[in-house]
Amino acid sequence: MKKPVVFCTENKYIISDKTEAYLKEHVELIRAEERPTKEALMRQIGDADGLICMGPNYPVDSCFLNAAPRLRVISTTSVGYDTFNLAEMKQRGVIGLHTPDVLNSSVADHGIALMFAVSRRLTEMDKLVRQGKWIDTPFWEMYGCELSGKKLGIIGMGRIGETLARKVIAGFDMEVSYYNRSRKTGTEAELGVHYLPLDKLLQDSDYIVTLVPLTEGTYHMISHREFSLMKPGAIFINIARGPVVDEAALVEALENHEIYGAGLDGFEKEHFGEGNPLTKLPNTVLTPHIASATTECRERMGQLAARGLVEFFEGKTPSNLIPYFRK
Ligand code: DGY
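The rules behind these values
- Residues numbered from 1 in each chain as written.
- Predicted model: local features only at pLDDT ≥ 70, side-chain atom pairs only at ≥ 80, totals over all residues.
- Heavy atoms only, no water.
- Helix = DSSP H or I, 4+ residues; strand = E, 2+ residues; numbered from the N terminus.
- Rg over C-alpha atoms; globule rule 2.2 N^0.38 Å.
- Buried < 20%, exposed > 50% of the residue type's maximum accessible area, 1.4 Å probe, protein only.
- Contact = heavy atoms within 4.5 Å.
- Areas by Shrake-Rupley, 256 points an atom, 1.4 Å probe, with all protein chains shown as cover.
- Lys, Arg positive; Asp, Glu negative; His and termini not counted.
- Charge placed at Lys NZ, Arg CZ, Asp CG, Glu CD.
- 1 Å grid on protein atoms, 1.4 Å probe; cavity = no way out; pocket = protein on both sides within 12 Å on 5 of 7 lines; lining within 4 Å.
- Points joined across faces, edges and corners; volume = space filled by probe spheres on them.
- Nonpolar A, V, L, I, M, F, W, Y, C, P; charged D, E, K, R; others polar.
- Pairing = 2+ DSSP bridges.
- Right-handed = clockwise from strand over helix to strand, strands pointing away.
- Axes fitted to C-alpha atoms, helices over the stretch in contact; angles between N-to-C directions.
- Parallel < 35°, antiparallel > 145°, perpendicular 65-115°, else oblique.
- Left-handed = near helix turned anticlockwise from the far one by under 90°.
- Expected span 1.5 Å × (residues − 1).

A. Spatial organisation of the overall build of the protein chain. Check the secondary structure of the protein chain and you find 12 helices and 12 strands. Since a compact globule built from 327 residues should have a radius of gyration of about 20 Å, the 21 Å found for the protein chain is in line with a globular shape. For the protein chain, with 327 residues in total, the buried portion stands at 51%. The long-range share in the protein chain, meaning contacts at least 24 apart out of those at least 6 apart in sequence, stands at 64%. Entry remark: accessible area of the protein chain is about 15,700 Å², with carbon and sulfur atoms responsible for 53%. The positive charge centre, built from 38 side chains, and the negative charge centre, built from 43, are 5 Å apart in the protein chain.

As C-alpha coordinates, this is what we get:
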(Lines give C-alpha, C1' and ligand atoms only; values in the text may rest on other atoms or scores of the structure.)
Protein backbone atom coordinates (compact mmCIF):
# COMPACT_ATOMS: atom_id res chain seq x y z
CA MET A 1 0.00 0.00 0.00
CA LYS A 2 1.23 3.48 -0.84
CA LYS A 3 2.55 5.29 2.20
CA PRO A 4 1.13 8.72 3.04
CA VAL A 5 3.33 11.62 1.99
CA VAL A 6 4.56 13.80 4.85
CA PHE A 7 6.46 17.02 4.30
CA CYS A 8 8.82 18.07 7.08
CA THR A 9 9.96 21.68 7.33
CA GLU A 10 13.09 22.95 9.02
CA ASN A 11 14.81 19.61 9.07
CA LYS A 12 17.14 18.91 12.01
CA TYR A 13 15.72 21.75 14.01
CA ILE A 14 12.46 19.92 14.50
CA ILE A 15 13.24 16.23 14.04
CA SER A 16 16.41 14.35 14.85
CA ASP A 17 17.93 11.57 12.74
CA LYS A 18 16.32 9.05 15.08
CA THR A 19 12.85 10.55 14.64
CA GLU A 20 13.40 10.86 10.92
CA ALA A 21 14.25 7.14 10.68
CA TYR A 22 11.11 6.30 12.67
CA LEU A 23 8.94 8.43 10.41
CA LYS A 24 10.44 6.88 7.29
CA GLU A 25 9.31 3.43 8.43
CA HIS A 26 5.71 4.63 8.27
CA VAL A 27 5.43 7.46 5.74
CA GLU A 28 7.08 8.77 2.62
CA LEU A 29 9.01 11.64 4.13
CA ILE A 30 10.00 14.70 2.14
CA ARG A 31 12.36 16.99 3.99
CA ALA A 32 13.02 20.64 3.34
CA GLU A 33 16.70 21.34 2.79
CA GLU A 34 16.48 24.61 4.66
CA ARG A 35 13.65 26.33 6.47
CA PRO A 36 11.35 27.42 3.64
CA THR A 37 9.42 30.66 3.71
CA LYS A 38 5.69 30.18 3.97
CA GLU A 39 5.36 30.92 0.25
CA ALA A 40 8.08 28.44 -0.69
CA LEU A 41 6.50 25.84 1.55
CA MET A 42 3.13 26.38 -0.11
CA ARG A 43 4.71 25.58 -3.48
CA GLN A 44 6.00 22.25 -2.13
CA ILE A 45 3.06 20.72 -0.26
CA GLY A 46 0.63 20.14 -3.12
CA ASP A 47 0.93 16.35 -2.74
CA ALA A 48 1.34 16.19 1.02
CA ASP A 49 -1.08 14.19 3.17
CA GLY A 50 0.62 15.38 6.33
CA LEU A 51 2.89 18.14 7.48
CA ILE A 52 5.33 18.27 10.39
CA CYS A 53 6.43 21.82 11.10
CA MET A 54 7.23 24.49 13.64
CA GLY A 55 3.71 25.92 13.72
CA PRO A 56 4.54 29.46 14.87
CA ASN A 57 6.57 29.94 11.66
CA TYR A 58 3.76 28.87 9.37
CA PRO A 59 0.39 30.52 9.99
CA VAL A 60 -2.25 28.14 8.68
CA ASP A 61 -5.01 30.09 6.97
CA SER A 62 -7.32 29.38 4.03
CA CYS A 63 -4.68 30.47 1.50
CA PHE A 64 -2.18 28.02 3.03
CA LEU A 65 -4.73 25.21 3.03
CA ASN A 66 -5.64 25.93 -0.61
CA ALA A 67 -2.04 25.06 -1.49
CA ALA A 68 -2.37 21.58 0.01
CA PRO A 69 -5.65 20.04 -1.12
CA ARG A 70 -4.68 16.51 0.05
CA LEU A 71 -3.61 17.60 3.53
CA ARG A 72 -5.32 15.79 6.42
CA VAL A 73 -3.04 16.48 9.37
CA ILE A 74 -0.61 19.16 10.53
CA SER A 75 1.68 18.28 13.39
CA THR A 76 3.45 21.21 15.00
CA THR A 77 6.50 20.74 17.21
CA SER A 78 5.19 23.35 19.62
CA VAL A 79 2.62 23.38 22.37
CA GLY A 80 1.23 26.70 21.07
CA TYR A 81 -0.96 26.69 17.98
CA ASP A 82 -2.19 30.26 17.97
CA THR A 83 -1.12 30.65 14.33
CA PHE A 84 -3.56 27.93 13.22
CA ASN A 85 -7.03 28.83 12.00
CA LEU A 86 -8.66 25.87 13.70
CA ALA A 87 -12.18 26.44 12.34
CA GLU A 88 -10.86 26.63 8.78
CA MET A 89 -8.85 23.46 9.31
CA LYS A 90 -11.83 21.61 10.75
CA GLN A 91 -14.08 22.69 7.93
CA ARG A 92 -11.65 21.18 5.43
CA GLY A 93 -11.15 17.98 7.42
CA VAL A 94 -7.58 18.78 8.47
CA ILE A 95 -6.70 18.02 12.08
CA GLY A 96 -3.92 19.58 14.17
CA LEU A 97 -1.48 17.94 16.56
CA HIS A 98 0.83 19.69 19.04
CA THR A 99 3.38 18.80 21.72
CA PRO A 100 2.04 19.44 25.22
CA ASP A 101 3.63 18.17 28.47
CA VAL A 102 7.02 17.12 27.09
CA LEU A 103 8.27 20.71 27.29
CA ASN A 104 7.00 21.61 30.77
CA SER A 105 10.32 21.21 32.51
CA SER A 106 12.46 23.01 29.93
CA VAL A 107 10.12 26.00 29.70
CA ALA A 108 9.76 26.22 33.48
CA ASP A 109 13.57 26.08 33.80
CA HIS A 110 13.90 28.91 31.29
CA GLY A 111 11.47 30.97 33.35
CA ILE A 112 13.64 30.39 36.41
CA ALA A 113 16.78 31.20 34.40
CA LEU A 114 15.23 34.53 33.40
CA MET A 115 14.16 35.22 36.97
CA PHE A 116 17.76 34.68 38.09
CA ALA A 117 19.29 36.55 35.17
CA VAL A 118 17.24 39.67 35.89
CA SER A 119 17.57 39.40 39.69
CA ARG A 120 21.33 38.93 39.60
CA ARG A 121 21.78 41.21 36.57
CA LEU A 122 23.79 38.52 34.83
CA THR A 123 23.90 40.09 31.38
CA GLU A 124 24.96 43.50 32.76
CA MET A 125 27.69 41.90 34.88
CA ASP A 126 28.87 39.70 32.02
CA LYS A 127 29.20 42.77 29.82
CA LEU A 128 31.30 44.62 32.43
CA VAL A 129 33.70 41.70 32.76
CA ARG A 130 34.05 41.30 28.99
CA GLN A 131 34.77 45.01 28.66
CA GLY A 132 37.59 44.61 31.20
CA LYS A 133 35.81 46.95 33.60
CA TRP A 134 35.30 44.40 36.36
CA ILE A 135 33.73 46.64 39.00
CA ASP A 136 33.68 50.25 37.87
CA THR A 137 30.70 51.41 39.92
CA PRO A 138 30.35 51.35 43.70
CA PHE A 139 30.04 47.70 44.65
CA TRP A 140 26.61 48.11 46.28
CA GLU A 141 25.18 49.41 43.02
CA MET A 142 25.78 45.96 41.58
CA TYR A 143 23.78 44.10 44.18
CA GLY A 144 21.03 41.90 42.88
CA CYS A 145 18.15 40.34 44.76
CA GLU A 146 17.31 36.84 45.99
CA LEU A 147 14.55 34.53 44.83
CA SER A 148 14.44 32.62 48.09
CA GLY A 149 11.37 33.27 50.20
CA LYS A 150 9.90 35.71 47.68
CA LYS A 151 6.40 35.75 46.22
CA LEU A 152 5.86 34.45 42.70
CA GLY A 153 2.60 35.16 40.87
CA ILE A 154 1.88 32.89 37.90
CA ILE A 155 -0.63 34.13 35.34
CA GLY A 156 -1.99 31.05 33.57
CA MET A 157 -1.81 27.93 35.71
CA GLY A 158 -1.55 25.16 33.13
CA ARG A 159 0.91 22.31 33.01
CA ILE A 160 3.98 24.56 32.67
CA GLY A 161 2.78 26.80 35.49
CA GLU A 162 2.38 23.81 37.77
CA THR A 163 5.88 22.57 36.92
CA LEU A 164 7.31 26.02 37.60
CA ALA A 165 5.46 26.23 40.93
CA ARG A 166 6.72 22.81 41.99
CA LYS A 167 10.33 23.71 41.17
CA VAL A 168 10.44 27.12 42.88
CA ILE A 169 8.64 25.90 45.99
CA ALA A 170 11.02 22.95 46.37
CA GLY A 171 14.16 24.82 45.30
CA PHE A 172 13.72 28.33 46.65
CA ASP A 173 10.94 28.14 49.18
CA MET A 174 8.95 30.68 47.19
CA GLU A 175 5.34 31.47 48.02
CA VAL A 176 3.33 30.89 44.85
CA SER A 177 -0.02 32.38 43.93
CA TYR A 178 -1.73 32.10 40.58
CA TYR A 179 -4.41 33.65 38.44
CA ASN A 180 -6.29 31.50 35.97
CA ARG A 181 -9.60 31.59 34.11
CA SER A 182 -10.78 28.69 36.22
CA ARG A 183 -9.78 27.89 39.76
CA LYS A 184 -7.53 24.82 40.19
CA THR A 185 -8.44 23.49 43.61
CA GLY A 186 -6.65 20.18 43.02
CA THR A 187 -3.41 22.02 42.22
CA GLU A 188 -3.89 24.28 45.23
CA ALA A 189 -4.20 21.28 47.53
CA GLU A 190 -1.37 19.35 45.89
CA LEU A 191 1.20 22.13 45.61
CA GLY A 192 0.18 24.57 48.33
CA VAL A 193 -0.33 27.43 45.86
CA HIS A 194 -3.18 29.90 46.27
CA TYR A 195 -5.52 31.62 43.84
CA LEU A 196 -5.61 35.43 43.65
CA PRO A 197 -7.67 37.75 41.44
CA LEU A 198 -5.39 39.23 38.78
CA ASP A 199 -5.09 42.74 40.26
CA LYS A 200 -4.28 41.39 43.71
CA LEU A 201 -1.65 39.05 42.26
CA LEU A 202 -0.03 41.95 40.40
CA GLN A 203 0.05 44.08 43.57
CA ASP A 204 1.35 41.30 45.78
CA SER A 205 4.04 39.50 43.78
CA ASP A 206 7.81 40.04 43.70
CA TYR A 207 8.04 37.98 40.50
CA ILE A 208 5.29 37.73 37.91
CA VAL A 209 5.42 35.10 35.17
CA THR A 210 2.96 35.01 32.27
CA LEU A 211 2.09 31.60 30.87
CA VAL A 212 -1.31 32.07 29.25
CA PRO A 213 -1.87 30.97 25.64
CA LEU A 214 -2.37 33.74 23.10
CA THR A 215 -6.07 34.16 22.31
CA GLU A 216 -8.31 37.14 21.56
CA GLY A 217 -8.98 37.30 25.29
CA THR A 218 -5.32 37.38 26.35
CA TYR A 219 -4.02 39.81 23.70
CA HIS A 220 -2.35 42.73 25.59
CA MET A 221 -3.60 41.28 28.84
CA ILE A 222 -0.67 42.97 30.56
CA SER A 223 -0.66 46.65 29.69
CA HIS A 224 -0.27 50.12 31.32
CA ARG A 225 -2.82 49.51 34.07
CA GLU A 226 -1.37 46.12 34.98
CA PHE A 227 2.23 47.42 35.13
CA SER A 228 1.09 50.35 37.30
CA LEU A 229 -0.28 47.86 39.85
CA MET A 230 3.05 46.03 40.20
CA LYS A 231 5.55 46.75 42.98
CA PRO A 232 8.50 49.00 42.03
CA GLY A 233 10.77 46.05 42.83
CA ALA A 234 8.78 43.57 40.74
CA ILE A 235 10.46 41.41 38.13
CA PHE A 236 8.27 40.59 35.15
CA ILE A 237 8.89 37.45 33.08
CA ASN A 238 7.11 36.53 29.85
CA ILE A 239 7.58 32.98 28.64
CA ALA A 240 4.24 33.00 26.85
CA ARG A 241 3.59 34.47 23.39
CA GLY A 242 4.76 38.07 23.01
CA PRO A 243 1.43 39.75 22.18
CA VAL A 244 0.06 38.78 25.58
CA VAL A 245 2.08 41.81 26.73
CA ASP A 246 1.66 45.36 25.46
CA GLU A 247 5.34 45.92 24.69
CA ALA A 248 5.10 49.73 24.50
CA ALA A 249 3.57 49.74 27.99
CA LEU A 250 6.34 47.44 29.23
CA VAL A 251 9.05 49.72 27.81
CA GLU A 252 7.45 52.69 29.56
CA ALA A 253 7.20 50.82 32.86
CA LEU A 254 10.89 49.84 32.62
CA GLU A 255 12.06 53.29 31.58
CA ASN A 256 10.13 54.92 34.42
CA HIS A 257 11.34 52.30 36.92
CA GLU A 258 7.77 51.34 37.72
CA ILE A 259 9.17 47.81 37.92
CA TYR A 260 12.71 46.51 38.56
CA GLY A 261 13.25 44.57 35.37
CA ALA A 262 11.94 42.09 32.82
CA GLY A 263 13.02 38.79 31.34
CA LEU A 264 11.39 38.02 28.02
CA ASP A 265 11.32 35.07 25.66
CA GLY A 266 8.32 36.23 23.63
CA PHE A 267 7.95 39.51 21.73
CA GLU A 268 5.17 41.24 19.85
CA LYS A 269 7.19 41.02 16.63
CA GLU A 270 9.94 38.44 16.65
CA HIS A 271 13.14 38.37 14.56
CA PHE A 272 13.64 42.08 15.27
CA GLY A 273 16.97 43.75 14.65
CA GLU A 274 18.55 46.28 16.97
CA GLY A 275 15.65 48.73 16.69
CA ASN A 276 13.51 47.29 19.47
CA PRO A 277 13.71 49.70 22.47
CA LEU A 278 13.84 46.73 24.84
CA THR A 279 17.39 46.07 23.60
CA LYS A 280 18.50 49.51 24.84
CA LEU A 281 17.39 48.98 28.43
CA PRO A 282 19.86 47.59 31.00
CA ASN A 283 17.14 46.07 33.17
CA THR A 284 15.99 43.52 30.58
CA VAL A 285 17.21 40.05 29.67
CA LEU A 286 15.99 38.96 26.24
CA THR A 287 16.04 35.52 24.64
CA PRO A 288 14.86 34.64 21.12
CA HIS A 289 11.82 32.43 21.86
CA ILE A 290 13.93 29.49 23.00
CA ALA A 291 12.32 28.47 26.28
CA SER A 292 11.80 24.90 25.07
CA ALA A 293 15.09 24.72 23.22
CA THR A 294 17.12 22.13 25.07
CA THR A 295 18.40 19.12 23.16
CA GLU A 296 16.43 16.77 25.39
CA CYS A 297 13.19 18.70 25.13
CA ARG A 298 13.36 19.28 21.37
CA GLU A 299 13.99 15.54 20.92
CA ARG A 300 10.87 14.74 22.95
CA MET A 301 8.85 17.30 21.00
CA GLY A 302 9.97 15.92 17.63
CA GLN A 303 9.22 12.36 18.72
CA LEU A 304 5.75 13.25 19.98
CA ALA A 305 4.92 15.21 16.83
CA ALA A 306 6.05 12.27 14.67
CA ARG A 307 4.30 9.62 16.76
CA GLY A 308 1.00 11.52 16.53
CA LEU A 309 1.26 11.63 12.75
CA VAL A 310 1.89 7.91 12.55
CA GLU A 311 -1.00 7.19 14.94
CA PHE A 312 -3.26 9.32 12.77
CA PHE A 313 -2.31 7.49 9.57
CA GLU A 314 -2.85 4.17 11.40
CA GLY A 315 -6.45 5.26 12.02
CA LYS A 316 -5.97 5.91 15.74
CA THR A 317 -6.77 9.07 17.70
CA PRO A 318 -3.37 10.66 18.35
CA SER A 319 -2.62 11.32 22.00
CA ASN A 320 -1.43 14.82 21.10
CA LEU A 321 -4.54 15.96 19.22
CA ILE A 322 -5.22 19.67 19.74
CA PRO A 323 -8.24 19.70 22.13
CA TYR A 324 -10.37 21.70 19.63
CA PHE A 325 -10.47 18.66 17.35
CA ARG A 326 -11.72 16.38 20.11
CA LYS A 327 -15.11 18.09 20.06
C1 DGY B 1 5.82 26.28 21.93
O2 DGY B 1 5.97 25.09 22.12
O3 DGY B 1 4.72 26.80 21.71
C4 DGY B 1 7.06 27.10 21.95
O5 DGY B 1 6.79 28.41 22.27
C6 DGY B 1 7.77 27.03 20.63
O7 DGY B 1 7.10 27.81 19.73
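Once the structure has been displayed, the description carries forward.
B. Representation of empty space enclosed by the protein. Here the structure, examined in full by the defined rule, presents one cavity of 30 Å³ or more. Its boundaries defined by the atoms lining it, the largest cavity holds a volume of some 40 Å³. If you trace the largest cavity, you find it lined by Lys 151, Glu 175, Val 176, Ser 177, His 194, Leu 196, Asp 204 and Ser 205. At three residues, the largest contribution of residues to the lining of the largest cavity is made by strand β7 (residues 175–179).

C. Molecular detail of the layout of surface pockets. By volume, the largest pocket amounts to about 1,400 Å³. Along the walls of the largest pocket sit 46 residues, with Gly 80, Leu 211, Val 212, Pro 213 and Leu 214 positioned nearest its centre. Mapped by element, the contributors of at least two residues to the lining of the largest pocket are α5 (104–119), α7 (159–172) and α12 (295–313). Of the residues contributing to the lining of the largest pocket, the split by class is 23 nonpolar, 15 polar and eight charged. Volume-wise, the second largest pocket comes out at about 610 Å³. Lining the second largest pocket are 24 residues, and of these Pro 56, Asn 57, Glu 270, His 271 and His 289 sit closest to its centre. For the lining of the second largest pocket, the per-class residue count stands at 12 nonpolar, seven polar and five charged.

D. Representation of the pairing of strand β6 (residues 151–155) within the structure. Within β6, four of the five residues are buried, which leaves the element mostly enclosed by the surrounding structure. Where β6 and β7 come together, five bridges link them in parallel fashion. The residue of β7 that forms the bridge with Leu 152 is Val 176. In terms of handedness, the path from β6 via α7 over to β7 forms a crossover that is right-handed. Bridging between β6 and strand β9 (residues 207–210) involves four bridges; their strand directions are parallel. Residue Ile 154 lies in a different strand from β9, and its bridge partner there is Val 209.

E. Up close: the pairing of β9. By the alternation rule, side chains of β9 split into Tyr 207 and Val 209 and Ile 208 and Thr 210, which are all buried. Taken together, the four bridges between β9 and strand β10 (residues 235–238) define a ladder with parallel strand orientation. Within β10, the position partnered with Thr 210 by the bridge is Asn 238. Handedness of the crossover joining β9 and β10 through helix α10 (residues 224–229): right-handed.

F. The packing of α5 against α7, seen in detail. Running from N to C, α5 and α7 cross one another at 55 degrees; their axes reach a closest spacing of 8 Å. Judged on the interaxial angle alone, α7 and α5 are oblique. Along this stretch, α5 crosses α7, giving a crossing that reads as right-handed. Of the residues in α7, those touching α5 at Asn 104, Ser 105, Val 107, Ala 108, Asp 109, Ile 112 and Phe 116 are Arg 159, Ile 160, Thr 163, Leu 164, Lys 167, Val 168 and Phe 172. Partitioning the contact of α5 with α7 into residue classes produces eight nonpolar, three polar and three charged.

G. Looking closely at α7. With 14 residues, α7 extends 20 Å between its outermost C-alpha atoms, agreeing within 8% with the 20 Å of an ideal straight helix rising 1.5 Å per residue. Buried residues of α7: Ile 160, Gly 161, Glu 162, Thr 163, Leu 164, Ala 165 and Val 168, and no others. Looking at the buried positions of α7, the neighbouring elements they touch are α5, β6, β7, α8 (185–191) and β9. Positive backbone phi, at 55 degrees, marks Asp 173, one or two positions downstream of α7.

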